[in-house]
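A structural walkthrough
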Amino acid sequence: MKTRFAPSPTGPLHLGHAFSALTVWSHAQSLGGVALLRIEDTDSTRCKPEFEAAIFDDLKWLGLKWPEPVLRQSEHDDEYIAVLGKLAAKGLLYPCSCSRKDIIAAGARPGEDGFVYPGTCRKRPLGQRKPGDAIRLNVAKALSRIDDEMRYEETGAKAGLYRASVNMLTKRIGDPVLQRKETGDPAYHLACVHDDMRQEITHVVRGTDLQAFTPLHVLLQTLLGYRTPIYHHHGLILDEDGRRLAKIDKSKAISKYRAEGFSRSDIRTMIGFR
Ligand code: GLU
């Protein structure tokens, strides 16, 4: 059993992250497995080395340990580009020059990640990519290539065997960006799915904020021939009786609590861990 905590160093870790990290490590412990730390820093405009340093520091302070070396996604751009090449060879990618404004102006519906892309550039061949264009996955075309039902297992609150919903993929997610415009940075979905395979992650433990994207991750895994891990999406910070704690500020940085003199066990108790 192998799981991972995969923060993006775009700001300080707050109490919600501490809850997520402790959930990941306790999951690994209860299943006799190992928890990895992975730095998801593909977004070159928002990720900062000082936030990464603070992640290491806060997690160590919380008493967590992980195997070294830690995978830092920004060091593996060439791999993500190679994965894009595989999807391109299948004819599933297209270049997109739309700005957020263009997307809204084209009458896009709201979806899981802002707006569902209305498909303005969908017919453009990849060979006509212009500098600064993003790369998107043609989800409908991708789905048409898959014969088997895309099944995945969820444990936790909504435990069960699920089918990656076509409705969710086409109506609520739409054609995702796999390579960002301007910077050319690989997008989260692509890097995450590739690294879960590369690091042989058997259990993905993460917050319910990412649950809606699991069908997309399963689609990418199926297209790329990767094994689908078991998913466990954890909810809000709970106290020992399973109630949501009202009095704590889960968006407050762990470093602020530390500076105010809170101990590691104070933090653990606050978010329902002993
Ligand atoms: N890097 C993502 C985040 O910080 C988490 C990715 C994941 O656990 O799949 O929200």
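Our structure's up above, just so we're on the same page.
A brief structural summary. Keep in mind the model is a prediction, meaning the values are calculated, not measured. (Residues numbered from 1 in each chain as written. Predicted model: local features only at pLDDT ≥ 70, side-chain atom pairs only at ≥ 80, totals over all residues. Heavy atoms only, no water.)

Examining the sheet that holds strand β3 (residues 71-72)
Read across the sheet, three strands follow the order β1-β2-β3 without closing on themselves; strand pairing throughout is parallel. Of all strands in the sheet, those bounded by a partner on one side alone are β1 (2-5) and β3. In this fold helix α2 (residues 49-61) packs onto β1, β2 (34-39) and β3, with an angle of close to 160° to the strand it touches most, β2. On top of the sheet, helix α7 (residues 188-198) reaches β1, β2 and β3; it is set at about 145° to β2, its chief contact. (Pairing = 2+ DSSP bridges. Helix = DSSP H or I, 4+ residues; strand = E, 2+ residues; numbered from the N terminus. Contact = heavy atoms within 4.5 Å. Axes fitted to C-alpha atoms, helices over the stretch in contact; angles between N-to-C directions.)

With respect to the side chain of Arg38
Structurally, Arg38 is set in strand β2. Here Arg38 falls in the buried class, since its relative accessible area comes to 0%. Polar contacts involving the side chain of Arg38 include one to the side chain of Glu40, which spans 2.9 Å. (Buried < 20%, exposed > 50% of the residue type's maximum accessible area, 1.4 Å probe, protein only. Polar contact = N/O pair within 3.5 Å; in protein donor to acceptor, adjacent residues only side chain to side chain.)

Focus: the sheet that holds strand β9 (residues 160-163)
Judged by pairing direction, the sheet is mixed, and its four strands sit side by side in the order β9-β8-β12-β11 without closing on themselves. The open sheet has two edge strands with one neighbour each: β9 and β11 (203-207). With direction set aside, neighbouring strand axes in the sheet form an average angle of 35°. One ladder, built from five bridges, connects β11 with strand β12 (residues 230-234); its direction is parallel. Bridged to Val205 within β12 is His232. Of the strands in this sheet, β8 (151-155), β11 and β12 touch helix α1 (residues 15-30), which is tilted by about 140° from β12. Those strands touched by helix α8 (residues 214-224) are β8, β11 and β12, and its axis lies near 160° from that of β12.

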